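For reference, the chains in residue letters:
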Amino acid sequence: MDINVLVIGGGQAGLAAAYHLARHGISYLVVDQGHKAGEVWKQRYDSLKLFTPRGYSLLPGMSLPGAPSGYPGKDEIAEALRRYVREKQLKVQLDTQVQSLVQEGDEFVAATSQGIIRSRAVIIATGPFQKPYIPQLASGLDQEVRQLHSSVYRNPADLKEGAVLVIGGGNSGAQIAAEIAGQRPVMLAAGHMMSFMPLSLAGKSIFWWFDKLGILHASPERKLGKLVRRRPDPVFGFELKKLIRSGKVTVKQKATETNGQKAYFADGSSVRVDNVVWATGFRPDYSWLQIPAALDEAGRPLHKRGVSPLNGVYYVGLPWQSSRNSALIGGAGQDAEYVVSILLKKTKEEWNR
Ligand SMILES: Cc1cc2nc3c(=O)[nH]c(=O)nc-3n(C[C@H](O)[C@H](O)[C@H](O)COP(=O)(O)OP(=O)(O)OC[C@H]3O[C@@H](n4cnc5c(N)ncnc54)[C@H](O)[C@@H]3O)c2cc1C
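J.: Just checking my understanding: could you explain the packing of aromatic side chains for this structure?
T.: Two descriptors summarise a pair of aromatic rings, namely the distance from one centre to the other and the angle between the planes of the rings. Applying the stated criterion across every chain, the model contains 10 aromatic pairs. Taking 4.9 Å as the distance between ring centres and 55° as the angle between the ring planes, the aromatic pair formed by F129 and F282 counts as tilted. Pair noted here: F129 is in the loop between β6 (115-124) and β7 (131-132) and F282 is in strand β20 (residues 282-283), with a separation of 153 residues, a long-range link. For F129, a relative accessible area of 48% puts it in the partly exposed group. According to the relative accessible area criterion, F282 is partly exposed, its value standing at 24%. A ring pair is formed by F210 and F236, whose centres lie 6.2 Å apart and whose planes are at 65°; its orientation type is edge-to-face. Residue F210 is located in helix α5 (residues 206-212), and its partner F236 is located in strand β14 (residues 235-236); the two are separated by 26 residues in the primary sequence. Each member of the pair, F210 together with F236, is buried. Joined through ring pairs, the aromatic side chains of F51, F207, F210 and F236 make up one cluster. Positioned over the ring face of W41 is R44, at 4.4 Å from the centre of the ring.

J.: I keep staring at unusual backbone geometry and nothing clicks. Help me out?
T.: Apart from glycine, the bulk of residues carry a negative phi angle, and the bulk of peptide bonds sit in the trans form. A positive phi is found at A202, a non-glycine position, where the angle reads about 50°. Along the chain, A202 falls in the loop between β12 (200-201) and β13 (204-205). In this structure, R305 is a non-glycine residue whose phi angle is positive, near 50°. Relative to the helices and strands, R305 resides in the loop between β20 and β21 (313-315).

J.: I would appreciate a short explanation of the sheet that holds strand β8 (residues 146-149) in the present structure.
T.: Ordered in space as β8-β19-β9-β10-β15, the 5 strands form an open sheet in which the pairing is parallel. Strand pairing shows two members of the sheet lacking a second neighbour, β8 and β15 (249-252), which therefore form its edges. Between one strand axis and the next, the sheet turns through 20° on average, direction left out of account. Where strand β10 (residues 186-189) and β15 come together, 4 bridges link them in parallel fashion. Directly across from L188, in β15, lies its bridge partner V251.

J.: Mind showing me how you'd approach the sheet that holds strand β17 (residues 262-265) here?
T.: Backbone-to-backbone hydrogen bonds join strands into a sheet, with any given pair of strands oriented parallel or antiparallel. Across the sheet, which stays open at both edges, the 3 strands sit in the order β16-β17-β18 with antiparallel pairing between neighbours. Among the strands making up the open sheet, the edge pair consists of β16 (255-259) and β18 (270-272). Pairwise comparison of adjacent strand axes, ignoring direction, gives a mean angle of 20° for this sheet. Judged from the 3 bridges that link them, β17 and β18 form a sheet pairing that is antiparallel. Across the sheet, residue A263 finds its bridge partner in β18, namely V271.

J.: Help me out: how do you make sense of the side chain of S150 in this one?
T.: With respect to the secondary-structure elements, S150 resides in the loop between β8 and β9 (164-167). Judged by its relative accessible area of 9%, S150 falls in the buried class. Ignoring any residue separated from it by four or fewer positions in sequence, one finds S150 in contact with Y45, I176, V277, W278 and A279.

J.: For this particular structure, what's the right way to read helix α4 (residues 171-181)?
T.: Helical geometry note: an α-helix holds 3.6 residues per turn, so side chains three or four residues apart project in the same direction. In terms of burial, α4 is largely enclosed, as 8 of its 11 residues are buried. Of the residues making up α4, those classed as buried are N171, G173, A174, I176, A177, A178, I180 and A181. Those residues of α4 that are buried are in contact with β9, β10, β14, α7 (239-245), β15 and β19 (275-278).

J.: For this particular structure, what's the right way to read the site of the ligand?
T.: Around the ligand lies a shell of 28 residues, among which D32, F51, T52, F129 and I329 are the nearest. Here an oxygen atom of the ligand sits 3.0 Å away from a polar atom, N or O, in the main chain of A13. Here the ligand loses 91% of its free accessible area of 980 Å² to cover by the protein chains. When contributions to the shell around the ligand are tallied by element, the ones reaching two or more residues are α1 (12-23) and α2 (39-42). Looking at the shell around the ligand residue by residue, the class counts come to 13 nonpolar, 13 polar and 2 charged.

J.: What is the right way to look at the pairing of β9 in this model?
T.: For a regular strand, side chains alternate in direction, first toward one face of the sheet and then toward the other. Where burial is concerned, the two faces of β9 agree: the one with V164 and V166 and the one with L165 and I167 are both buried. Where β9 lies against β10, 4 bridges are found, and the strand directions are parallel. Each bridged residue has a counterpart across the sheet, and for V164 the counterpart in β10 is V186. Inspection of the sheet shows β9 paired to β19 by 4 bridges, in the parallel sense. Directly across from V164, in β19, lies its bridge partner N275.

Calculation criteria
Numbers given to residues run from 1 along each chain, matching the order in which its sequence is written. In keeping with the predicted nature of the model, local features appear solely for residues at pLDDT of at least 70, side-chain atom pairs appear and are counted solely at 80 or more, and the whole-chain, interface and lining totals rest on all residues. To get the side-chain values, take all heavy atoms of the structure and skip hydrogens and water. Planes of paired rings set the category: under 30 degrees apart is stacked, over 60 is edge-to-face and the rest tilted, where pairs are Phe, Tyr or Trp rings (Trp by its six-membered ring) whose centres lie within 6.5 Å. Numbered from the N terminus, helices here are DSSP runs of H or I no shorter than four residues, and strands are runs of E no shorter than two. Think of it in three bands: with a 1.4 Å probe and only protein chains considered, a residue is buried below 20% of the maximum accessible area for its type, exposed above 50%, and partly exposed in between. Either the NZ atom of lysine or the CZ atom of arginine qualifies as a charge over a ring when it sits within 6 Å of the ring centre and within 35 degrees of the ring normal. Note on pairing: DSSP must find at least two bridges between two strands before they are called paired. Every axis corresponds to a line fitted to the C-alpha atoms, with the helix fit spanning only the stretch in contact, and the corresponding angles, defined between N-to-C directions, vary from 0 to 180 degrees. It only takes one pair of heavy atoms within 4.5 Å for two residues to be counted as in contact. Any residue with a heavy atom lying within 4 Å of a molecule or strand is counted as near it. We define a polar contact as two N or O atoms separated by no more than 3.5 Å, with the added condition that, inside protein, one atom must be a possible hydrogen donor and the other a possible acceptor, whereas residues neighbouring each other in sequence contribute only through side-chain atom pairs. To be clear on the numbers: accessible area is Shrake-Rupley with a 1.4 Å probe, and residue cover counts the displayed protein chains and nothing else. Following the grouping adopted for this structure description, the nonpolar residues are Ala, Val, Leu, Ile, Met, Phe, Trp, Tyr, Cys and Pro, the charged ones are Asp, Glu, Lys and Arg, and the polar ones are all others, Gly among them.

Here it is in C-alpha cells:
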C-alpha cells in the first residue's frame, strides 16, 4: 500500500480535505491533473469577481489580504490556493490525472498519468464542473457564428464583430453579459425568470445575512434547504439590472432553437447573431470511477453528506453535499472536516491492526 488516503483533485475541496487529514496525522496524497494549484480559478474569465466577500471565501486556516468585506477577483483566489499549499505544507502531486479508479480487495488502485497509486481510502474532490455543457440547439448555428462556452471565454477580445447573445441567466452569464455590454449591445437569454440580490444589505454582506438566517447552512433534507434548492440562484449585485434598464442588455426568454445565424426564443421572437456565449453550466463526469457501488444508475455519486455506502470512498465539493455552502469556498472546510471525521472513525481501528 502506498498511502492511507488518496485525494483526487486539488481544488478548494481537495485542499480542505488535505488540511484536515494532515491535522489528524493521516498519511495522504493529493493528486491533481493541473499544472499549478488554483489553476481552475486562473483559467476562468478575466473579469470574474467573486460574489462572496473575502470573509466568506476562506478555507480552514486561510487568510486573504485585503478587506474581509471586499470581493476578490479570480486570480486572487488562485494565488491564495497556491499559498495555502505552500504554507500548510500540503502534499500535492500536480500534473497527475487519475484515469481510472478500481477496487481490488480492500485497496483502491488509481491508474494515473504518472503511474499506479494504491491507497486504503479515497476522497474524490474532482469538482462539479468537469464537462462544459452546451445544449443540442447549438448545432443549428452555422459556422459564421462564433460560439464559446463560458469556460473558454476570457474577455470580449475573444468575440468577433457584431451581435452578441449570451445564453444562460446565472451569475457567469450575468457577469459576462455585463462586461461585453461596456463595448456593444448584448442580448441575454435566460431559461428562468431572473432575480437579483444586493451584494450587501444594511452594511453587511448578503452572505452574512444568509449565514445568520440559516440559509447558507440549511440541510437539503430540511424545509428551508429544500426551498432554497428549488429556486435558481439569484444574480448577485445590480450591475446587470442597471444595464438592462439602460437598454445596453436586452433580456430574451429561453432560447429554443437555432438556424443559420438566427436564434429563436420561447416567446416566438428571433434575432440574428454573430456570437453566442454559452453560459449553460457543466455536467459531472465520473467515467473514470470504475467502482459501480460508488455511483447511482445515472452515474452520480452515491453518498450521504459525502460518505459513500461503500467503505473507503468519500466525496467533497459536491453541490448541496450538506448545504448551499458546500459549493462555495467558505463551505469546503466544513464538509471536509465532517468527511475526515467519519473516515477516521471507520478506519482507525482497522488501520491500527
Ligand atoms: C464562474 C464561477 C464563479 C464562481 N464564483 C464563486 C464565488 O463567488 N464564491 C464561491 O465561494 N464560489 C464560487 N464558485 C464556485 C466554486 O467555488 C468553484 O466552482 C470551485 O472551483 C469548486 O471547487 P472544487 O474544489 O469542488 O472543484 P474544482 O475547483 O473544479 O477542483 C477540482 C480539481 O480536480 C482536478 N481534477 C478533476 N478531475 C481530475 C482527475 N481525473 N484527476 C486528477 N485531478 C482531477 C481539477 O484539475 C481541479 O483542480 C464559482 C464557480 C464558477 C464556475
